[in-house]
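As a plain string of letters, each chain reads:
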Amino acid sequence: MSDFRQDFLRFALEQDVLRFGEFVTKAGRLSPYFFNAGLFNDGASTLALARFYAQAIIESGIEFDMLFGPAYKGIVLASATAMMLAERGRNVPFAYNRKEAKDHGEGGTLVGAPLAGRVLIIDDVMSAGTSVRESLRLIEAAGAVPAGVAIALDRMEKGTGELSAVQEVRQQYGLPVVPIASLRDLLALLADDAQFRQHLAPVQAYRDRYGVSD
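Read on for a plain summary of the structure. Here the residue index of a chain counts from 1 through its sequence in written order. Only residues with pLDDT of at least 70 get local features here, since the model is predicted, and only at 80 or more are side-chain atom pairs given and counted; chain-wide, interface and lining totals rely on the full set of residues. As a convention, hydrogens and water are excluded, and side-chain values are obtained from all of the structure's heavy atoms.

What to know about the pairing of strand β8 (residues 177-182)
Selection criterion: Accessible area is worked out with a 1.4 Å probe on protein chains only. A residue is then buried under 20% of its type maximum, exposed over 50%, and partly exposed in between. Here a helix means four or more residues in a row that DSSP labels H or I, a strand means two or more in a row labelled E, and each is numbered from the N terminus. Pairing between strands requires that DSSP locate at least two bridges from one strand to the other. When the strands point away from the viewer and the path from the first strand over the helix to the second turns clockwise, the crossover is right-handed.
Across the 6 residues of β8, 6 count as buried, placing the element largely inside the fold. The pairing of strand β7 (residues 145-154) with β8 spans 5 bridges and is parallel. Directly across from Asp154, in β8, lies its bridge partner Ser182. Where the polypeptide runs from β7 across helix α5 (residues 165-173) and back to β8, its parallel neighbour, the crossover connection is right-handed.

Regarding the pairing of β7
Of all 10 residues in β7, 9 are buried; the element is thus mostly enclosed. Of the pairings in the sheet, the one linking strand β6 (residues 118-122) to β7 comprises 5 bridges and is parallel in character. In the strand pairing of β7, Ile122 is matched with Ala150. Where the polypeptide runs from β6 across helix α4 (residues 130-141) and back to β7, its parallel neighbour, the crossover connection is right-handed.

Describing the environment of Ser213
Looking at the secondary structure, you find Ser213 in the segment after α7 (200-210). Its relative accessible area of 58% is what places Ser213 among the exposed residues. Along the primary structure Ser213 and Phe64 are separated by 149 residues, whereas in three dimensions their C-alpha atoms are 28 Å apart.

Encoded structure:
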């Protein structure tokens, strides 16, 4: 596990964004862990999160020309990540959408730079892939090309079928999905760190039951 992935998971634990216990997921499953990116809700934590996104994107080698953040969480993620990429010498434009079209001023549902070239979508997690599919429609309608998706955590968990939402996007659209960290990384951390080792067995059991094959 590369250092930045381990650092990200430890940071998420420190911020109480990643928690252990018993949590009911949207799918009605009883999960031994929960990840709520909405708790990155102050300047310092959002700044650090954006650095991790920038690091993951750079290390992935994915080619893109601009960022797109689906409303609402993706708005902050795309703008903050663009700042961190600029700090590292890669200045790219970004855009995001509104949930409701604006009928005055510039109008429309899109805000920011015009969608053009290869567009990398930035989101927090991918549960059902709904926001990604909506983003793809907006990108293609503008005549741009989707380059991939960057997310914070890949739970590597089955959706309604045998594939995860991440795998469905990769398979259906042929797009790369770049997570900062995955459930595999979390399991490695739990196995390596005595402080968290008591959580290894329930997380592994959940993975065995609901996880997707690599």
